[in-house]
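Fold and geometry: a report
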Amino acid sequence: MLDIAFAKPALPESGALVLLLAEEDLGGTLVGEWDKLLGGHLARGLAAAEFKGRKGQATTLYAPGGGLSRVVLVGLGKRESLDAAGAEAAGGHAVAALGRESVAAIDARAIGGWAGAPADVALGAVLRAWRFDRYRTKEKPEDKPRLGAVKMLCEDPAGAKTEWASRRAIAEGVFLTRELVSEPANILNPPEFADRLRKLEKLGVEVEVFGQKDLEKLGFGSMLCVSQGSAQPPRMVVMRWNGTDQRKKDSKPLAFIGKGVTFDTGGISIKPAAGMEDMKWDMAGAGVVAGLMAALAGRKAKVDVVGLVGLVENMPSGTATRPGDVVTSYSGQTIEVINTDAEGRLVLADVLSYCKKRFDPAFMVNLATLTGAIIVALGNEHAGLFSNDDGLARRIEDAGKAVGELAWRMPLGEAYDRQIRSEIADMKNVGGGRAGGSITAAQFLQRFVDGCPWAHLDIAGVAWSGKDQPTAPKGATAWGVRLLDRLVAEHHEGRAAEPRPEPAGNETAAVSGAGIANAATLSEGTAGSEPIEPAPDMPAPPAGEPSPAPGAAPRGTRRPPARRPRR
Ligand code: BES
Ligand code: MN
Ligand code: ZN
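The following paragraphs examine the structure supplied in this document. (Residues numbered from 1 in each chain as written. Chains lettered and ligands numbered in written order. Predicted model: local features only at pLDDT ≥ 70, side-chain atom pairs only at ≥ 80, totals over all residues. Heavy atoms only, no water.)

Compared with an ideal rise of 1.5 Å per residue, which puts 14 residues at 20 Å, helix α3 (residues 84-97) spans 20 Å between its outermost C-alpha atoms and is within 8% of the ideal. When you tally the buried positions in α3, you get 11 out of 14 residues, the bulk of the element. For α3, the complete set of buried residues consists of Ala84, Gly86, Ala87, Glu88, Ala89, Ala90, Gly91, Gly92, Ala94, Val95 and Ala97. Put simply, Asp83 is the residue that caps the front of α3, since its side-chain oxygen is 3.3 Å from the backbone nitrogen of Ala85. (Helix = DSSP H or I, 4+ residues; strand = E, 2+ residues; numbered from the N terminus. Expected span 1.5 Å × (residues − 1). Buried < 20%, exposed > 50% of the residue type's maximum accessible area, 1.4 Å probe, protein only. Polar contact = N/O pair within 3.5 Å; in protein donor to acceptor, adjacent residues only side chain to side chain.)

Right, dumping it as structure tokens:
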């Protein structure tokens, strides 16, 4: 991870300087002060480059004087519409514009209004700087990105450092997910996946691994019919994070369940060759559950959570399931397997009913790259959201909006459920035709939740991105880690111990009276690479809003009220 430090504003002696500027900052005191320190170069450069501060606009001024290699200007758009997601995007744009720099300072003071703003920028920067290069052995050093350290310039470095601790844990979770999803299927098979999850024990997560024999004993006939064609044995991993007071153990845990098909050939209902390589990321749901557990444990979330993943490889072979086979699921319900390529639901069926029976959770949220049909419906902008609980669905939608991971609710209903009736068994694993394919898949899952409040996120369109995004290079996105972390923090970590006044942040001017010190006179409040520690209590929200727990990252990352007048 990029090394992040926080310090009072000062002209760096070398490296790059990034100025985040809202449209209103042009011609303001922030630019004025830097311009003075840069001997007039900034104002001339801004004019020559026609930099307007528009959202996402980035301009580089090379060799601006002093020891600096470059000044990068990143536009924030209109100040009033700035929120945490915008702050993160700015951090990401900054990293993308830094080219081959190895160190940079980012002046984050133009983003104010909430306590965690500099830490939000830092989060965007580290998320964008991540890269999966394990298998590139021939890349020339000069072609590798070099950025190793970023210093965030802000008025309250100590406060920003505190805010950073929980965000850093979330970034670690995101990186675990991205790494798992990026790995090729010859490396990341079910046993290897389970081994990697064992490493979460270091964070305090209890990890239990179930092998072929265990799953046979449990009667996982639905999940095992998927793995039976593969030389790779299946695994189910149960992860538990107990973050609440052990003395009052009456509360139900939250449950997150992931589809972990480490490779999906389709089985006997084999997929066409073109694009089949994408099916290495058919374990993204499980990858997100793993990253979420890492994030929650890493920031010591005050909540009890279970994470379950069903890990299998779907292959055609002499031992593979045939279309028409009937299997008996863990729940006792029988399934006619019409199409062996509709395997994700077969895996989730057993894991969902096992989870419900063993943990009786407050809710179950499952994630799965379940259907191509959801990509037809929603493209790559929203995940599909299906739920039997309106409140849960709403909270998921809202958490998604706050972190920029969007989910769109889709319907469920009797008429769709009828489509998976079978002539020979309790149900079949696909609907009649292609119509409503994502919905019939969700109906299938719903038959295994046994009345538990439940939501299903079909992430087939959002787990992987073909293009760079502000806070993620193209490839594995880890969509869902941030959303679910936010869901937990906002609604399930109890109330803050003591109400506190609103942060002074909304009075923060773009440039405070302190101004910019000379490098020589600066004391640096640095932070960054220390071990994760829980943040202190966060301020209480306005009356009527549920309060997230102390130490919950998201309190600070939370979107500030829209269009609140500043100053
Ligand atoms: N893993 C696929 C869904 C998928 C497709 C994910 C494209 C990402 C990109 C899933 O197992 C699958 O094959 N679904 C079938 C279901 C069909 C057989 C009813 C599909 O969507 O075609
Ligand atoms: Mn499939
Ligand atoms: Zn699949």
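At 2.1 to 2.2 Å from the manganese ion (ligand 2) lie its protein donor atoms, namely Asp264 (OD), Asp341 (O), Asp341 (OD) and Glu343 (OE). For the manganese ion (ligand 2), the six donor atoms in the first shell make angles of 72 to 168 degrees at the metal, so the coordination geometry reads as irregular. Read in sequence order, the donor residues coordinating the manganese ion (ligand 2) give the pattern D-x76-D-x1-E. Here the manganese ion (ligand 2) and the zinc ion (ligand 3) are spaced 3.1 Å apart, with Asp264 acting as a shared donor. Note that Asp264 is positioned in strand β9 (residues 254-264) and Asp341 in the loop between β12 (334-337) and α10 (344-359), a separation of 77 residues in sequence. On the basis of relative accessibility, which here comes to 22%, the residue Asp341 falls in the partly exposed class. (Donors = N, O, S within 2.8 Å, 3.2 Å for Na, K, Ca; no water. Tetrahedral: all angles 85-135°; square planar, octahedral: opposite > 155°, others 65-115°.)

Now for the site of ligand 1. With respect to spatial proximity, 17 residues lie near ligand 1, and among them Lys271, Asp282, Asp341, Glu343 and Gly372 are the closest. Within the side chain of Lys259, a nitrogen or oxygen atom sits 3.2 Å from an oxygen atom of ligand 1. Between ligand 1 and Thr369 there is a distance of 3.3 Å, counted from a nitrogen atom to a backbone nitrogen or oxygen. Against a free-state accessible area of 510 Å², the protein chains account for coverage of 77% of ligand 1. Each residue belonging to the shell around ligand 1 can be placed in one class, and the counts come to six nonpolar, four polar and seven charged. (Near = heavy atom within 4 Å. Areas by Shrake-Rupley, 256 points an atom, 1.4 Å probe, with all protein chains shown as cover. Nonpolar A, V, L, I, M, F, W, Y, C, P; charged D, E, K, R; others polar.)

This part takes up the nonpolar core. Counting residues in hydrophobic clusters, the biggest one holds 117 residues, and the most contacted among them are Leu20, Leu42, Ile111, Met239, Phe256 and Ile459. By residue number, the principal contributor to this core is helix α9 (residues 284-298), which donates 11 residues. The two domains that each donate at least three residues to this core are domain 1 (3-154) and domain 2 (168-245 + 254-318 + 364-491). In contact with Leu42, not counting residues within four places along its chain, are Leu19, Val31, Trp34, Asp35, Leu61, Val71 and Leu73. In terms of nonpolar packing, the next biggest core, distinct from the first, is built from 40 residues, Leu224, Phe444, Phe448 and Cys452 among them. (Core = buried A, V, L, I, M, F, W, Y, C linked by side-chain atoms within 4.5 Å. Domains from an automatic or database assignment. Contact = heavy atoms within 4.5 Å.)

Here we come to the pattern of salt bridges. Overall, the coordinates contain 32 salt bridges when judged by the stated rule. Note that Asp468 is salt-bridged to Arg128, the shortest N-O span being 3.7 Å. Separated by 340 residues along the polypeptide, Asp468 in the loop between β18 (464-465) and β19 (475-476) and Arg128 in helix α4 (residues 117-129) bring together distant segments of the chain. With a shortest N-O distance of 3.5 Å, Asp450 and Lys356 are connected by a salt bridge. With Asp450 in the loop between α14 (437-446) and β17 (454-458) and Lys356 in helix α10, the pair connects residues that are 94 residues apart, well separated along the chain. By relative accessible area, which is 58% here, Asp450 ends up exposed. Residue class for Lys356 comes out buried when judged on its relative accessible area of 15%. Here the residues in one salt-bridge network are Arg134, Glu179, Glu183, Glu192 and Arg196, joined through shared partners. (Salt bridge = Lys/Arg side-chain N within 4 Å of Asp/Glu carboxyl O.)

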